[in-house]
Every structure is written in C-alpha cells, then in structure tokens.
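Given next are the chains, with one letter for each unit.
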Amino acid sequence: MPEAMFAARASDATNREAAVTVDVAVVGAGFAGLYLLHRLRKAGFSVVVLEEGGDVGGTWYWNRYPGARCDIQTIDYGYTFDPELDTAWKWSEKYATQPEILRYFGFVADRYDLRRDIRFCTKVTSATWDDATGRWQLATDSGAAVSCRYYIMATGCLSAPKPPEIDGVKDFKGKVHFTGRWPHEGVNLKGKRVAVIGTGSSGIQSIPLIAEQAAELTVFQRTPNFALPAHNGPQPGDRKAMLENDPAAYREQARLSLAGVPYPQQMEVSWQLSEADRRARFETAWAAGDLVHILTQLWADQAVDADGNRLVADLIREKIQDVVKDPEIAAALTPHDHPFGAKRPCLDTNYYATYNRPNVTLVNLRQEPIKAITASGIATDRRSFDLDVIVFATGFDAMTGAIMAVHPITGRAGKSLSSVWAGGPQSYLGLTVAGFPNLFMITGPGSPSVLSNMAVSIEQHTDWVVDRLIAMRDAGFATIEATETAQAGWARHMADCSMLTLHRLANTWYTGANVPGKALGVMPYTGGVGPYRSICNEVVERGMLGFRLTGENVAEQCNDGEIVRLQPDVRLVLGMLAQMNLPPIETMGAQGARDFLNEFNKGRPAGRPVGEVGDGVLQGAEGPLPFKLYRPATPGPHPIVVYFHGGGWVLGDQQSDDPFCRDMCRRTGMIFVSVGYRHAPEHRFPAAAEDGYAATRWIAEHAAELGGRPGPVLVAGWSAGGNIAAVTCQLARDRGGVEIEGQLLVCPVTDCTYDRPSYTENAAGYFLTRGLMYWFWDIYCSPADRADPRASPLRGKLEGLPPAFVATAEFDPLRDEGIAYGEALAKAGVPVEQLNGHGQFHSSFTMVDVIITGVSGRVKMAEALRGFAGLPRQDSEQRAPEISVAAE
Ligand code: NA7
C-alpha cells in the first residue's frame, strides 16, 4: 500500500509543498523519469518526481542548440510500452529535431497525466540513507525534503555539462553559451563573430547552422571525430513497413539486439569479402545515413578487430578528403587517433562541406592550443581571434556526473557514493550499488546505456526495477541491496566485456578521459543489449542472485554469488549451443559425430589469409598420412610447428582446426603443419601417439623441402592433439631422431583419471563433458593401456623435455590435468609457462573470431613459440595488427 500519497497537483515552480513521504522518489523527468512515474503509479506506489528543469524532457529540455536532433532514427527512439502510444504519435522526420522531441515528451506527459506528480525547478541537493527507518531522506534546493523508501536516479547519462576548463572565461566581454544549457529564447547570431569550441555531436550538429547565420565562425577543434551524413528526410519506408507489418516482432528484435535497434547480427568477416564488395557495402551504409547500420552491418570484425575497423575508417577518411576542398583543412578534420566507433561517431548535415565556406575557419588545437580566453576573444599560442560569442560544445561529465551532482549521496554506515566511486563507478548490473540499499540508477554506469538505443535500455531498466519493487512488496520485503561479491563479479565481467570491443582504445567520455582527473575505464557495458537483458532476467530467475532482501516480518533472503563467471562470448556461444538442443555427441556414434563436427565447422568464420596453404602426404608410423601446411606471408625459411588437431583421438582431421592454424601461423610467423593422424576406433591406441612421433620425425627430416628452417622443430596440439604433442616430446627424447625445441599444449589430455575437481565442477554444460571424455577414452584406449605414458603423459618421465607452454581453461573438465602436467614439468626442471584462461571453456582458444576473448591467450602462446624458436619478441608494429588491439 502507498505510504502516503503525494499531493502536489501543479507543475510550476511556485508549487513547493511541505516535506513529503512517498514510496518512491525519482530524480529526473526525462525519458526514464516519465516512464518510471507511469509504471510506478499504475503499480500502486506513491511517487514524486523531482526535476531541476521547468518542464519534462530531461536532456532534450536543456539541449536546445541549433541543429539539435536525435541520431537514432525516430522510429526506434520512443516508448514502446503502450502500442496505442506507438501509433498515436507520428514523427515528422527520420531524425526529429529537439523541439519535436520535446513536444513528444509533452504529449506523453499529458496522455498519462504525469505532470501532477512532478515537482519542477527542484534540484535534489543530497540524499541520505537512514538505516533505522529503512528510508532515504532527500534534501532539495526548494527546502522541502522528501522521505522515500526507494530512491531512483533517472538523471540521464549526458546531462551534467562539463566545466569549460579554459582560463579567462569570466574576462570575456561577449556572450558565452553552452550547447547543453542553450537559452530557451534562442540566440541571434546573425552578423556575429562566433567561436565554437568542441567537435563532438553537439558541435558537429550546430556548426553548419551557426555558419549560415554568423558573419564569421571559428571552430576550435581538439580531436577530429568521424561524422556521417544523416540524410534526414521522411522516415525510411522499409523500416516503417517492417514496424507496421509486425510491431511486436520489430520491437522484440530491438530488445534482443546488440545495440537496441532491430538489425541482424552481421556474420561475414571482412576478409571473406572482396574489396569491391566491401566498398559496395560501405556506400550503401553511407547512403543509409544511420549510425547503427554503419557500426554493425558492414562486416563482423569491424567493431572487434583493429584490421576490420581500419577498413571502414579508411573509407570514411576518403569521404572527408572528397568533400573538403582545402587539403590541409581536410587533413586536420580527418581522425586518426581512434578506431571508428570507439569514440561516439556523429551524424551530420553538411558538416564537412561547411569548412568550404569562406566565413569558416578551423583552428587545430593540436597544433596551436588555446592559451586563454581574453576580454575580446580567444588567444591561441599563435594568434588571437576577436569574437562576439563563444559557444562551448565541450560535452558532459558523462555517465556519473549527473548522479554525483547530488552530493553527498550517503549510504549505509555513512559512506558517500563519491568515496566509493573515487576510483571509478562500481555497481551491480549498472543498476544498484553495494552499501546503498534501495537506490537504483536507470542506465547507470555498468549497463549498456550510451552504447545502445537509450529508449530500449531505459524501458528495460524501468521494467526491471518496477517489477522487482512489486515482487518485493508482494513478498513482504522492504530493502534490497547488492552484495559486495555480486558487485565485484560484475566489475570483472565488465572488464571481460571491455575486451570484446575497441572502446578501450580511445580517450573518450565513455572512459572518463574527457574530464580531467576522472578515473579511467570503459563505463558502459559493452556486451550488448540483448545479452545484458538476459543477464538481468537470469538474476531474477536465480532467486535475486547477488541481492540481500530484508523486511520486517519476513526472513532475510540473500542468494549471494556472481551472475556471470564465463567470458561474455563464451556465455553466448554456450547459450546458442544449449538452444540447439543437440543430442550428446557420444550418442551419435563415431561416424555420426564426425559428420556432426563437419557440419558444425561449416558455420564458423573462415580463417584468415596466410601466405600459402598447401596439402601433402607424409610418412606416419604405419603408412602415409595427409597433412596441411600453412606458410606465413613473410620471407622464409621459417621455423616449423608440427600441429595435432583436437577431437578426442576420434574426430577431426588435418583441416578441422584450420582457423586456429591460420591464426597461429600469422601470429608466430612460423610454418604450421597440421597432421592427419590415424583415429580410433579404426586405429586404437597407440596409433595416434606413434603417428605423432613419426610425423614429427618426417617433417623435421623434410624441413628444407617444406620451405622450413632446417634443424629442430616445435610441436603443438589442442585437446587430444595436446596429448599427442606431449607424448611426441617424450618419445623424441627417448628414441632420438628428432630434436624438438618447444611444445605448446592447449587444454591437453594428460592423464586417465577422472577424480580431479575440474572433472566434477565442469562435468556438464561446457560442451566438452565428462561423458564425452569417457566415450573418447573408451574408443581410443583399453583401460589396461591407459596408464602407458603414450596415453597419459603425466605418468611418464618428464625430465629433459623441451620447454613448454601449457594453456588450460577454467570451465573445462581437463583443466586440472593440464595444470598438473605444467606443474609436474616445472618440478622436473622443464622451463614451463602456464596460462589458465579465466572464464574460458575447452574450445575458447581454437574458436578463432568467435571467442574474441580467446585472442589474448593466443597472443601469449605465439610469443612462447617464438621464444622457443629463438625468434625475437614481436613488437606491436611487426605483429599481425589485430594483436595489438586484443592483447591484455
Ligand atoms: P562530446 O562528444 O564530449 O564532445 C565534446 C567536444 O569538445 C570534443 O570535441 C572535445 O574534444 C571538445 N572539448 C572538450 N573539452 C575541451 C577543451 N577544454 N578544449 C577544447 N576542446 C574541448 O560532447 P557533445 O555534447 O558534442 O556530445 C555528447 C553526446 O551527446 C554525443 O556523443 C551524443 O551521444 C549525444 P576531445 O574529443 O575531448 O579532444
């Protein structure tokens, strides 16, 4: 039941009632605040919304600068909770202007009679949690305090403008305006000498219009940004038709997508496309005038790989050179310091062409920094500009600024949010903070927020929070608080996610780099809208995992833990596999399992190009064996790595690990020879082991013919192939005939016992199951033979073996025997490096271009192999370029 209904009935600043007691106080009457109010009221909670502005609209209330528009298409940029609202409001353009967006919020406020519970022109100045009453006390600048059980910050991500940070602003005799606080009555710039500082979205949208009015416009640019033409106009027919055809499906696709806009996930990678195909795709995207399209639809690697990204960035750079006539200005406008999309790109109308106007001057602050703002204008260290108006388009203290603007926010035990966040924002799900019970943030740091269509993310957060409050009320709970464990786990998951994309490589407001002294780190969640939604839902399904719930007449509930322990991409892949509902591989029979693997592999991204790929036949232990050779594009002769594929001695062949071999060939600069050794059940133990040794010997003897470096070779293998590689090293030591200078064992089988903890912890659910391992062993090797070191190298003598790199994965039944092998090697005096891939599963390192987070492991493996072969470490210049991006 509502504790006391809030009674304010008017929406003007003069109506400031006495202190009120409500169930929920919401700060902000923008996109999020309005929907929260609507839903909370409908659910029977008493609510007050506290809003600093004079009306609804949030960021759209303040950002009234010339040219202000949304840059997500309006068809996707609105509420979807009420299908009738969806049809009742008609946008006039593909990208609506700020006035039209503000009219939309007014329309929504009227339609649901929202203003009566909003106190405008009221700034919340502090918030304090009172443990005794289990309530928040909010102080406001109007003097009327608010007592609430739940305190929800719907303050927006880009609503606290950044201070100018340039000396002398107060001395300037002309007018100063901030795009984020533009005067309501407008600004007449006609005939004026105007400066714009800043070339983010606000600068890029306003500069062309200011240039049309002003006598002279001088743009002060610190960092050039990527901008694409919006091609504004009527709403595109194709998307309208999609929506009208099946509105529910259209909206659902947006909710499950990566960015909150209904586009499919692009699967083709750049190297599968010809240059002409890529250019054609790019031209289509350029003509579409749609950020989400160009950011997600060109090729799958554009957002995750520096090479794939550079291809897009180069094409955009070409466009800038085409439009801007003066080559020097074009060069200054062309971004080179960040991957495309890593910094928020912009949509423009005539932006670059504006620099062809005679009344526009570009000042490149990288060459001539601003010294000071003076009484008459701006002085750089080279010249002075006399001005009438200075426009600061310098951006926001993003993500955290508006939350911290309520200061202090004091949680349990007198802790302030600013002290907890001193090293960067900490949250659970970007929604809550440990130590701050009953406080929620809508699209807070740690959630997809600004990396998504805000409309979709706001609705998701609002629904999640309100649904939780209803469920708590029904169950008799009155407080909810994230646990420290859950929050620490989320921080780790955030860090894992940040390795998926290129955002970490740019100094931007996404990372806090635009505000001097702000802690650095990728603040929005980079794992995507759909995956994030599924995680929030999973928290609920798993009994409010990571939350402590209390209430007066109900037992405390705390189901503590971390919601995601897998790497984000591993979680997605395993989720997709689970959805496929495959029968266990061990029930398919050997041939059935081989057929399945072949089909499965057809769906994976094609491996990357290497210098040359060839097929051949070598002499195995009892006859010819096929092999596949991968040669680097660099001049040889190269060291040779003899490679053994995975597949439990039953499945796979010399090309089944093709993407892995290509990737490692590129990274190491070495020849990889993948051997088609014999398989069980046709050829049981010790056929595979003996073939491994024989093949290595043959390859070493024919190194020169193969174009390789004569002398010692290296061996490598994954899974059962790791077993064969390890065994080969032991046989080579004992039998002579081949010198091996290093071994790379990736998630190897090293022993025949199943009693190590990883066999139990990871028995099911991570693709390679305990049952499947039993099956592989049964097919390959009789129990009597399993203790033979040729089957279980951990049982063999380990002294005198070549140096090793042993990679294991946290969620792999084979983890502990891999670790045990590394430890035993070290004990035997063998130089060994171990890597246990946190959050990874058995296939992580070999699922190239699928498990993006596996890259850093392969970087280390490649470095180890180069080290074994006596090659110099590769600096970032010489490496395959994607390495420099993906390495931790
Ligand atoms: P942004 O994107 O943060 O852009 C701010 C711009 O101002 C950017 O070019 C900055 O250069 C520049 N800037 C900031 N401080 C200074 C100083 N001290 N001197 C010179 N130049 C400076 O803010 P916007 O308002 O344009 O857009 C924000 C978001 O709103 C936008 O991304 C959309 O999501 C909507 P820098 O790049 O930091 O070198």
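Everything below is about the structure shown above.
Bear in mind the structure is a predicted one, so any value in this text is a computation, not a measurement.

**Concerning the nonpolar core**
Core analysis: the largest hydrophobic core is formed by 127 residues, its most contacted members being Leu 40, Leu 429, Trp 464 and Trp 490. Broken down by element, this core gets its largest block of residues, eight residues, from helix α15 (residues 454–475). Residues within four places of Trp 490 in sequence aside, it is in contact with Ser 427, Tyr 428, Leu 429, Gly 430, Gly 446, Tyr 525, Tyr 532, Ile 535, Ile 563 and Val 564. Counting residues in hydrophobic clusters, the runner-up holds 66 residues, among them Leu 629, Val 727, Val 738 and Val 830.

**Comments concerning the site of the ligand**
Taken together, 21 residues lie around the ligand, and Lys 162, Ser 202, Arg 222, Thr 223 and Lys 343 are the ones closest in. Contacts to the ligand include Glu 165, whose side-chain N or O atom sits 3.3 Å from a nitrogen atom. Thr 199 is positioned with one of its backbone polar atoms (N or O) 2.9 Å from an oxygen atom of the ligand. Bound to the protein, the ligand loses 88% of the 770 Å² it would expose on its own. Looking at the shell around the ligand, its residues break down into seven nonpolar, eight polar and six charged.

**Quick word on the pattern of salt bridges**
Pairing between side chains of opposite charge can happen when their charged atoms approach one another. Applying the stated criterion across every chain, the model contains 51 salt bridges. Here Asp 117 makes a salt bridge to Arg 41, at a shortest N to O gap of 2.9 Å. Of the two residues, Asp 117 sits in the loop between α4 (98–111) and β3 (118–119) while Arg 41 sits in helix α1 (residues 31–42), which places them 76 residues apart along the sequence. Arg 41 shares its class with Asp 117; the two are buried. Residue Asp 816 pairs with Arg 815 through a salt bridge whose shortest N-O separation is 2.7 Å. Take Arg 815: its relative accessible area is 11%, and that puts it in the buried class. Each of the salt bridges in this network shares a partner with another, and the network as a whole consists of Arg 41, Asp 113, Arg 116 and Asp 117.

**A word on unusual backbone geometry**
In the segment running from Ala 680 into Pro 681, the intervening peptide bond is cis, with an omega of 5°. The residue Pro 681 is located in the loop between β25 (671–675) and α21 (687–701) in this model. Of note, the amide linkage connecting Phe 685 to Pro 686 takes the cis form, showing an omega dihedral of 5°. Locating Pro 686 in the fold gives a position in the loop between β25 and α21.

**Description of the sheet that holds strand β29 (residues 832–841)**
Read across the sheet, eight strands follow the order β22-β23-β25-β24-β26-β27-β28-β29 without closing on themselves; strand pairing throughout is mixed. Of all the strands in the sheet, the pair left with one neighbour each is β22 (612–619) and β29. Averaged over all pairs of adjacent strands, the angle between strand axes in this sheet comes to 20°, irrespective of strand direction. Each of β22, β23 (624–631), β24 (640–644), β25, β26 (713–718) and β27 (740–746) touches α21; the most contacted strand, β22, lies at about 115° to it.

**Notes on the side chain of Arg 468**
Mapped onto the secondary structure, Arg 468 falls in helix α15. Put simply, Arg 468 is tucked away with no salt bridge, and the nearest opposite charge, on Asp 467, sits 4.9 Å away.

**Side note on the environment of Arg 735**
For Arg 735, the position within the fold is in helix α22 (residues 720–735). With relative accessibility at 41%, the residue Arg 735 sits in the partly exposed group. Between the C-alpha atom of Arg 735 and that of Tyr 693, which follows or precedes it by 42 residues, the distance is 9.6 Å. Here Arg 735 is in contact with Glu 690, Tyr 693 and Arg 790, once residues within four sequence places are set aside. Within the structure, Arg 735 has its side chain in polar contact with the side chain of Glu 690 (distance 2.8 Å).

**Some remarks on empty space enclosed by the protein**
One water molecule sets the probe size; rolling that probe over the atoms shows where empty space is left. Tallying each qualifying case throughout the model produces four cavities of 30 Å³ or more. Space inside the largest cavity adds up to approximately 70 Å³. If you go around the largest cavity, the residues you meet are Asp 76, Thr 80, Arg 251, Ala 254, Arg 255, Gly 260, Asn 453, Val 456 and Glu 459. If you list the elements that add at least two residues to the lining of the largest cavity, you get α7 (247–256) and α15. Of the residues that constitute the lining of the largest cavity, the class distribution is two nonpolar, three polar and four charged.

**Overview of the sheet that holds strand β15 (residues 384–386)**
The strands that make up a sheet are held in pairs by hydrogen bonds between backbone atoms, and each pair lies either parallel or antiparallel. Here we have three strands laid out as an open sheet, ordered β13-β14-β15, and antiparallel in their pairing. The sheet is open, and its two borders are formed by β13 (370–373) and β15, each paired with just one other strand. Sheet twist, expressed as the mean angle between neighbouring strand axes with direction ignored, is 15°. Across three bridges, β13 lies against strand β14 (residues 377–380) in antiparallel orientation. Note on β14: the bridge partner recorded for Ala 372 is Ala 379.

**Points about helix α8 (residues 275–288)**
An ideal rise of 1.5 Å per residue puts 20 Å on 14 residues; α8 measures up with 20 Å between its terminal C-alpha atoms. Turning to α8, its buried residues are Arg 278, Phe 282, Ala 285 and Trp 286. All buried residues of α8 project into a common sector of 100° when viewed along the axis, lining one side. Turned more than 90 degrees from where α8 packs its buried face, Ala 276 and Ala 287 sit exposed. On the buried face of α8, the contacting elements are β10 (227–229), α9 (291–296) and α10 (306–323). Remark: Gly 289 follows α8 within two positions and exhibits a positive phi of approximately 60°.

**A look at the packing of α21 against α22**
Helix-helix packing is characterised by the crossing angle of the two axes and by the distance between the axes. Where α21 meets α22, the axes come as close as 9 Å, and the angle between the chain directions of the two elements is 65°. Considering how the two elements wind past one another, α21 and α22 form a crossing that is right-handed. Within the contact between the two elements, α21 uses Ala 688, Ala 689, Glu 690, Gly 692, Tyr 693 and Thr 696 and α22 uses Ile 724, Val 727, Thr 728, Leu 731, Ala 732 and Arg 735. Among the residues forming the contact of α21 with α22, the class breakdown is seven nonpolar, three polar and two charged.

**Some thoughts on the packing of aromatic side chains**
Evaluated as defined, the whole model comprises 44 aromatic pairs. Consider the rings of Tyr 35 and Phe 81, whose centres lie 4.5 Å apart with planes at 20°: the pair is stacked. Of this pair, Tyr 35 sits in helix α1 while Phe 81 sits in the loop between α2 (59–62) and α3 (83–88), placing them 46 residues apart in sequence. Owing to a relative accessible area of 22%, Phe 81 belongs among the partly exposed residues under this scheme. Taken together, a centroid distance of 6.4 Å and an interplanar angle of 80° make the contact between Tyr 428 and Trp 490 edge-to-face. Here Tyr 428, found in the loop between α14 (417–420) and β18 (439–441), pairs with Trp 490, found in helix α16 (residues 484–498); they are 62 residues apart in sequence, far enough to count as distant. Overall, the relative accessible area of 2% leaves Trp 490 in the buried class. Grouped by ring-pair contacts, the aromatic residues Phe 31, Tyr 35, Trp 60, Tyr 77, Tyr 79, Phe 81, Trp 89, Trp 91, Tyr 104, Phe 105, Phe 107 and Tyr 112 constitute a single cluster. Note that Arg 64 overlies the ring of Tyr 61, its terminal NZ or CZ placed 4.9 Å from the centroid.

**Side note on the pairing of strand β21 (residues 554–558)**
Looking at chain direction, strand β20 (residues 547–551) and β21 are connected through three bridges and run antiparallel. Pairing of Gly 551 across the sheet is with Val 554, part of β21. What sits between β20 and β21 in their antiparallel hairpin is a turn of two residues.

**Here we look at α4**
Given a rise of 1.5 Å per residue, 14 residues ought to cover 20 Å, and the 20 Å separating the end C-alpha atoms of α4 matches this to within 8%. Among all positions in α4, only Gln 98, Glu 100, Ile 101, Leu 102, Tyr 104, Phe 105, Gly 106, Val 108 and Ala 109 are buried. Looking at the buried positions of α4, the neighbouring elements they touch are α1, α2 and α3. Once α4 ends, the next one or two residues include Asp 113, with phi positive near 50°.

What counts, and where the lines are drawn
- Residues numbered from 1 in each chain as written.
- Predicted model: local features only at pLDDT ≥ 70, side-chain atom pairs only at ≥ 80, totals over all residues.
- Heavy atoms only, no water.
- Core = buried A, V, L, I, M, F, W, Y, C linked by side-chain atoms within 4.5 Å.
- Buried < 20%, exposed > 50% of the residue type's maximum accessible area, 1.4 Å probe, protein only.
- Helix = DSSP H or I, 4+ residues; strand = E, 2+ residues; numbered from the N terminus.
- Contact = heavy atoms within 4.5 Å.
- Near = heavy atom within 4 Å.
- Polar contact = N/O pair within 3.5 Å; in protein donor to acceptor, adjacent residues only side chain to side chain.
- Areas by Shrake-Rupley, 256 points an atom, 1.4 Å probe, with all protein chains shown as cover.
- Nonpolar A, V, L, I, M, F, W, Y, C, P; charged D, E, K, R; others polar.
- Salt bridge = Lys/Arg side-chain N within 4 Å of Asp/Glu carboxyl O.
- Pairing = 2+ DSSP bridges.
- Axes fitted to C-alpha atoms, helices over the stretch in contact; angles between N-to-C directions.
- Lys, Arg positive; Asp, Glu negative; His and termini not counted.
- 1 Å grid on protein atoms, 1.4 Å probe; cavity = no way out; pocket = protein on both sides within 12 Å on 5 of 7 lines; lining within 4 Å.
- Points joined across faces, edges and corners; volume = space filled by probe spheres on them.
- Expected span 1.5 Å × (residues − 1).
- Arc of directions from axis to C-beta.
- Left-handed = near helix turned anticlockwise from the far one by under 90°.
- Phe/Tyr/Trp six-rings, centres within 6.5 Å; stacked < 30°, edge-to-face > 60°.
- Lys NZ or Arg CZ within 6 Å of the ring centre and 35° of its normal.

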